[in-house]
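Observations on the three-dimensional arrangement
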Amino acid sequence: MLQFDKFVLDNGLKVLVHSDTTTPMVTVNLLYDVGARDEHPERTGFAHLFEHLMFGGSINIPEFDTPLQNAGGTNNAFTNNDFTNYYISLPKENLETAFWLESDRMLSLAFTEKSLEVQRQVVIEEFKQRYLNQPYGDLWLLLRPLAYTVHPYSWATIGKDISHIEQATMQEVKDFFYAHYAPNNCIMVVAGNTDFDTVKTLAQKWFGSIESRKIKPRIYSKEPLQTQSRSLHVKRDVPTNAYHRAYHACSRTDIDFHATDLLSDILSLGESARLHQRLVKDQEIFTDIDAYITGSIEENLFVFSGKLADDVDFETAEAALLSEIDTICKTPPTDDEVQKVKNIWESKFVFNETNALNKAMSLAYFELIGDAKDYNTELSKYQNLKPIDIQNIAKKIFRPENSSTLYYEANQNEL
Amino acid sequence: MPDRRTQPPFQVVSEFNMLKADKRNTTNGLEIYTFYVENQDILKIEFIIEAGSVFDKNPLTADMTNAMLNEGTHTRSSAQIADEIEYFGAYLSLNLGKHFAYITLFSLKKYLHKALPVIEDILRNANFPEKEFEIVKMSQFQDFMVSRQRTRDLAGDAFNEHLFGTEHPYGRSVRESDFDEINTNTLQAYHHRFYKSSKPRVIISGAFTEEHINLIDSHFGDLIHSSHLPEINFDFSFNEQGKTVYLPKKDSVQSTIIMGYPTILKSHPDFIPLNIASMILGGYFGSRLMKNIREDKGYTYGIYSGLSAYRHAGMFEIEAETGIDVTEKAVKEIHKELRKMQNDLVQTEELERVRNYMSASFLRRFDGVLAASDAFRALLLSNLEYSYYENYFKILKNISAEEIREISQRYFSPELMVTVIAGKSE
């Protein structure tokens, strides 16, 4: 049970406080409700580029990191398709420095040309390091647009193409800031060695005077129901053939979400799971096979990703996987299989609560998708599921016409 | 309105609460170290065994032996082991270092008694079935071939080889031919020698009870520490000072640069001051390398410098991935920053910043039993005492700009180092 209290400032900033006096540290986590799905299709990668610019100095503070390091703090951030998350961890005595820094960059950035030029280069190097200079690094750049035809989930957070980053202008940076960065588009969680009154006083002092802003509404099309299976075949200089198959699945807030999540666990969580046991160990079709959901807020993908064993062709591998999919659609998982993944979830929840940052991010995320209180009933939503629920979800998702398949073939020469 | 231009008053960490291990004396003489905390119902138990990769000519032998511990015993199949561990929500990780093997179990307190017998069984009775061996070997071989496509891995392997020599236990990288030379017999023999009869050192963290301690003792305490570790020659001579090694890779859009050399051990009096100097150079986000090469020039997504220490050799290294077109420029800037460390005194403001930043890291190092047990393990495996951290903190608080320059002059000359560049061609 994760205890917390919540208040909302007049400008719309939501603040959650979780006290834990066993640690000498405190974590301040700010989640902004803006991600790659809010980008213009011709400026993809922008939300992530923007995250970099958030460290390039704000209106009153020329450098973000230096004063934080002076106060013994560390920080980082990440962007995904749905939201952007920033966090600071520092000794409890220095909590106010975090409020000072975060409130100033919420008020306004410095918007210097130098910062834009340098971070543009840094992000281009990040694009190369993580997506282009890695074997299989372009997987999501291929699979997303195959599975999503109109929804902005069709591009990865890094963007569709380096040229989009290269073309970003300062005016676009400013417009993006004022359209998405605002107290009324942010959830702040303070977790660690502090208390409600301290946080309330500091929040009022540093964030209270920032005016709420008009947030750009999300106007994009829902992904239409897929009625025909799709596939893409690529050849790359990689050592091993890889197979990916994605099905459209429900959103994070859908009543079916937890059963969908457990379905992926039944199939592939741990070495005892059936895909590993049957397709890797018994049949030696794959050397590695995983089933997972992408974890987005809107309609997810349920993905199978596998590396083929040497001398196994795509046709054989696909048939073996489809046979397993067919099995789970026809027969519910055993009680033992279901109990096992429930036990693993219990461990995960207990382990998550050993870490202040995890706790802070969990509360912010649950507040974003509904209500932070739901974090405390989340485990029971898994524990109440029955084998038949898992089978029903499998039947619902695993329809051939709902699938997109990526055959990632290894070039035979070149290596 | 608050004053937004001035940083609110802050405190510098002047002391830290060192959360120390309790050493338990068990009836069987097993070394158990404990970190107790109320309300943490997930227990972490580490079993540490001296079975690392240095003990065999073929580094794959130790690696595969470790990776296959859970692939079958005389009485349990691979599937049964996975099931027994995972059914109760436990998680088992198997890792290997140069000297040690780490078998780490995370388990809910209430189910620990279910997982322990399995751990005991794999340590004593792993039997390396042929079928599982072929499966694991193919998977590892595929991973190896993928790593041959990564400039980071190519550069890392070459760097170790150039530091210590291609046959030295610290320099020897896995080669394609190594896969042909292992079989289930070599693994079984390795297991027999290094796992079966060795008494693991155990570190347990969480809300354990005396019953758990007794349980661990009863499962692992009567293993007899009989085998003597083989004599390994760790001598090496490094002769590549000032050289640059190119490992071109066709169509690579980035290069990995690794620059460094073998240097002092953790026990050397300069080790801590050198660590602090390396922090200023490239050890944190505000470091000189990061500020210059990432935040000013945009040549890289990240650049770091640091010291690492094996038992018998220390290493200093600088590492970055940069665009092909700016690789040479990045190397030039690295040299410039090394020279600056040697020629100029670090300004008070920067030195204080690093002091403050590193002082707070001591709070993090002991924040909670999981962090504190990691800090302890590092001491234990380097044969150091808690006084190491006390001493470190004291040096951090007192080190002067002159001392940092002096240390830099001694250890940061680019002429001392070898530079490996994987990706772009010469």
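Since the model is a prediction, treat every value here as computed from it, not as a measurement. The residue numbering used here restarts from 1 in each chain and proceeds along that chain's sequence as written. As they are written, the chains are lettered A onward and the ligands numbered 1 onward, keeping that order. Local features in this predicted model are restricted to residues of pLDDT 70 or higher, and side-chain atom pairs are both shown and tallied only at a pLDDT of 80 or more, whereas totals for entire chains, interfaces and linings draw on every residue. Side-chain calculation: all heavy atoms of the structure are included, whereas hydrogens and water are not.

Put simply, DSSP marks the helices as runs of H or I at least four residues long and the strands as runs of E at least two long, and each gets a number from the N terminus on. Each helix and strand in chain B was counted, giving 14 helices and eleven strands. The atom set for the radius of gyration is the C-alpha atoms, and the globule formula is 2.2 Å times the number of residues raised to the power 0.38. Expected size for 426 residues packed as a compact globule is a radius of gyration near 22 Å; at 24 Å, chain B falls within 12% of this value. With the C-alpha coordinates of chain B rotated into their principal frame, the extents come out at 65 × 55 × 45 Å. Relative accessibility decides the category of a residue: with a 1.4 Å probe and only protein chains considered, values under 20% of the type maximum give buried, values over 50% give exposed, and everything between is partly exposed. A total of 426 residues make up chain B; the buried ones form 58% of that total. In chain B, of all internal contacts separated by at least 6 residues, the share reaching a separation of at least 24 is 81%. Here, two residues are considered to be in contact whenever any of their heavy atoms come within 4.5 Å of each other.

Quick look at the overall build of chain A now. Secondary structure assignment for chain A yields 15 helices and eleven strands. On C-alpha atoms alone, chain A measures out to a radius of gyration of 23 Å, which is about the 22 Å that the 2.2 N^0.38 rule sets for 415 residues. Along the first, second and third principal axes, the C-alpha atoms of chain A reach 65 × 45 × 35 Å. By the burial criterion, 63% of the 415 residues in chain A qualify as buried. Counting only contacts in chain A whose residues sit at least 6 apart along the sequence, the fraction spanning at least 24 positions is 81%. Areas reported as accessible are Shrake-Rupley estimates using a 1.4 Å probe. Residue values count occlusion only from the protein chains shown. Carbon and sulfur atoms provide 49% of the accessible area of chain A, an area that totals close to 15600 Å². Just so you know, the count uses Lys and Arg for positive and Asp and Glu for negative, and it drops His and the chain ends. To locate a charge, take NZ of a lysine, CZ of an arginine, CG of an aspartate or CD of a glutamate. Side-chain charges in chain A split into 40 positive and 60 negative, and the spacing between the mean points of these groups amounts to 4 Å.

So, on to the interface of chain A and chain B. Interfaces are often sized by the accessible area lost when the parts come together. Each partner contributes residues to the interface: chain A has 77 residues there, and chain B has 68 residues. Just to be clear on terms, a salt bridge is a Lys or Arg side-chain nitrogen sitting within 4 Å of an Asp or Glu carboxyl oxygen. Inspection of the chain A/chain B interface yields five salt bridges. B:K291 serves as the salt-bridge partner of A:E63, at 3.3 Å between the closest nitrogen and oxygen. The term polar contact refers here to a pair of N or O atoms within 3.5 Å; inside protein, the definition further demands a hydrogen-donor-capable atom paired with an acceptor-capable atom, and it admits residues adjacent in sequence only when both atoms are side-chain atoms. The interface formed by chain A and chain B contains 39 residue pairs in polar contact (both at pLDDT 80 or more). For the side of chain A that touches chain B, the secondary-structure elements that each account for two or more residues are α2 (65-70), β5 (84-91), α3 (95-107), α4 (113-132), α8 (196-207), α10 (274-282), β10 (301-308) and α12 (335-352) of chain A. A per-element tally of the side of chain A that touches chain B places α4(A) first, with eleven residues.

Residues and elements named next belong to chain A. The criterion for strand pairing is that DSSP finds at least two bridges linking the strands in question. With mixed pairing, six strands are arranged side by side in an open sheet as β1-β2-β6-β3-β5-β4. In this open sheet, the two edge strands, each paired with only one partner strand, are β1 (5-8) and β4 (74-79). Geometrically, the sheet is characterised by an average inter-axis angle of 15° between neighbouring strands, direction not taken into account. Across six bridges, the pairing between strand β2 (residues 14-19) and strand β6 (residues 186-192) is parallel. Each residue of the ladder has a partner; that of V15, found in β6, is M188. Sitting on the sheet, α3 is in contact with β3 (25-32), β5 and β6, with an inclination near 155° to β5. An axis is simply a line fitted to the C-alpha atoms; with a helix, the fit covers only the stretch in contact. Between two such axes, the angle follows the N-to-C directions and lies from 0 to 180 degrees. Its contacts with the sheet put α8 on β1, β2, β3 and β6, and the angle it makes with β1 is roughly 20°.

Here the focus is the environment of A:P217. Mapping A:P217 onto the fold places it in the loop between α8 and β7 (230-236). Along the primary structure A:P217 and A:I266 are separated by 49 residues, whereas in three dimensions their C-alpha atoms are 38 Å apart.

Residues and elements named next belong to chain B. According to the domain assignment, chain B contains domain 1 (22-220) and domain 2 (244-423). An automatic or database domain assignment supplies the start and end points of every domain. Using only C-alpha atoms to locate each centre, domain 1 and domain 2 end up separated by 30 Å. Contact with domain 1, which involves 32 residues of that partner, is made by 34 residues of domain 2. As used here, buried area is the combined drop in accessible area, with a 1.4 Å probe, of two parts when they are placed together. Approximately 2700 Å² of surface area, both sides summed, lies buried where domain 1 meets domain 2, with 75% of it carried by carbon and sulfur atoms. Broken down residue by residue, the surface that domain 1 buries against domain 2 is led by F35, T151 and F159, which jointly contribute 23%. Counting across the domain 1 and domain 2 interface gives four salt bridges. Put simply, K44 and D374 hold a salt bridge, and the shortest N to O gap is 3.3 Å. On inspection of domain 1 and its partner domain 2, the count reaches seven residue pairs in polar contact (both at pLDDT 80 or more). Every element with two or more residues in the side of domain 1 that touches domain 2 is listed here: β2 (31-36), β3 (42-49), α5 (151-164) and β6 (201-206). The leading source of residues in the side of domain 1 that touches domain 2 is α5, at eleven residues.

The next point concerns the sheet that holds β7(A). Residue and element names in this part refer to chain A. Across the sheet, five strands lie side by side as β7-β11-β8-β10-β9; this open sheet has mixed pairing. Each of the sheet's edge strands pairs with one partner strand only, and the pair in question is β7 and β9 (286-293). Taking each pair of neighbouring strands and ignoring which way they run, the sheet shows an average axis angle of 10°. As judged from the seven bridges shared by β9 and β10, these two strands associate in the antiparallel manner. Within the sheet, the bridge partner assigned to D288 lies in β10 and is K307.

Right, let's talk about the pairing of β3(A) for a bit. Looking along a regular strand, one sees side chains alternate from face to face of the sheet. All names here are of chain A. Of all eight residues in β3, eight are buried; the element is thus mostly enclosed. Residues M25, T27, N29 and L31 line one face of β3 and the alternating positions V26, V28, L30 and Y32 line the opposite face, and both faces are buried. For β3 and β5, the ladder comprises eight bridges, and the chain directions are antiparallel. Each bridged residue has a counterpart across the sheet, and for L31 the counterpart in β5 is N85. The pairing of β3 with β6 spans seven bridges and is antiparallel. The residue bridging V26 from the neighbouring strand is G192, located in β6.

For any two helices packed against each other, one specifies the inter-axial angle together with the distance between the axes. Residue and element names in this part refer to chain B. Two elements in contact, helix α1 (residues 59-67) and helix α6 (residues 184-196), have axes separated by 9 Å at closest approach and are oriented at 80°. By the angle between their axes, α1 is roughly perpendicular relative to α6. Each of T61, A62, M64, T65 and N66 in α1 lies in contact with α6, whose residues at this interface are T186, L187, Y190, H191 and Y195. Lys, Arg, Asp and Glu make up the charged group, whereas Ala, Val, Leu, Ile, Met, Phe, Trp, Tyr, Cys and Pro make up the nonpolar group; the residues left over, Gly among them, are polar. A per-class count over the contact of α1 with α6 returns five nonpolar, five polar and no charged. Roughly parallel means an angle under 35 degrees; roughly antiparallel, over 145; roughly perpendicular, 65 to 115; everything else is oblique.

Next up on the list: the side chain of B:S287. Topologically, B:S287 is positioned in the loop between α8 (271-283) and α9 (288-296). If we ignore the near neighbours within four places in the chain, the residues touching B:S287 are B:M279, B:I280, B:L281 and B:G282.

Here we come to the pattern of salt bridges. Using the criterion set out here, one finds 56 salt bridges over all chains in the structure. Across the pair A:D371 and A:K373 runs a salt bridge whose closest N-O atoms are separated by 3.8 Å. Of the residues examined, A:K373 reaches a relative accessible area of 56% and is grouped as exposed. As a salt-bridge pair, B:K424 and B:E328 come within 3.2 Å of each other at their nearest N and O atoms. Of the two residues, B:K424 is situated in the segment after β11 (418-423) and B:E328 in helix α10 (residues 327-343); the sequence distance between them amounts to 96 residues. The buried category is assigned to B:K424, whose relative accessible area is 13%. The class of B:E328 is partly exposed, set by a relative accessible area of 38%. Put simply, A:D33, A:R37, A:D38, A:D82, A:R218 and A:E298 are held in one network by salt bridges that share partners.

Attention shifts here to the environment of B:Y299. Along the chain, the position of B:Y299 falls in the loop between α9 and β9 (300-309). In this structure, the C-alpha to C-alpha distance between B:Y299 and B:T327, residues 28 residues apart in sequence, is 8.0 Å. Setting aside chain neighbours within four positions, we find B:Y299 in contact with A:E125, B:I293, B:E321, B:T322, B:G323, B:V326, B:K329, B:A330 and B:E333.

The backbone of A:E284 sits at a positive phi, close to 55°, despite the residue not being glycine. For B:N39, which is not glycine, the phi torsion reads 65° and is therefore positive. Among the secondary structure elements, B:N39 is positioned in the loop between β2 and β3. On the basis of relative accessible area, B:N39 is assigned to the exposed category, the value being 71%.

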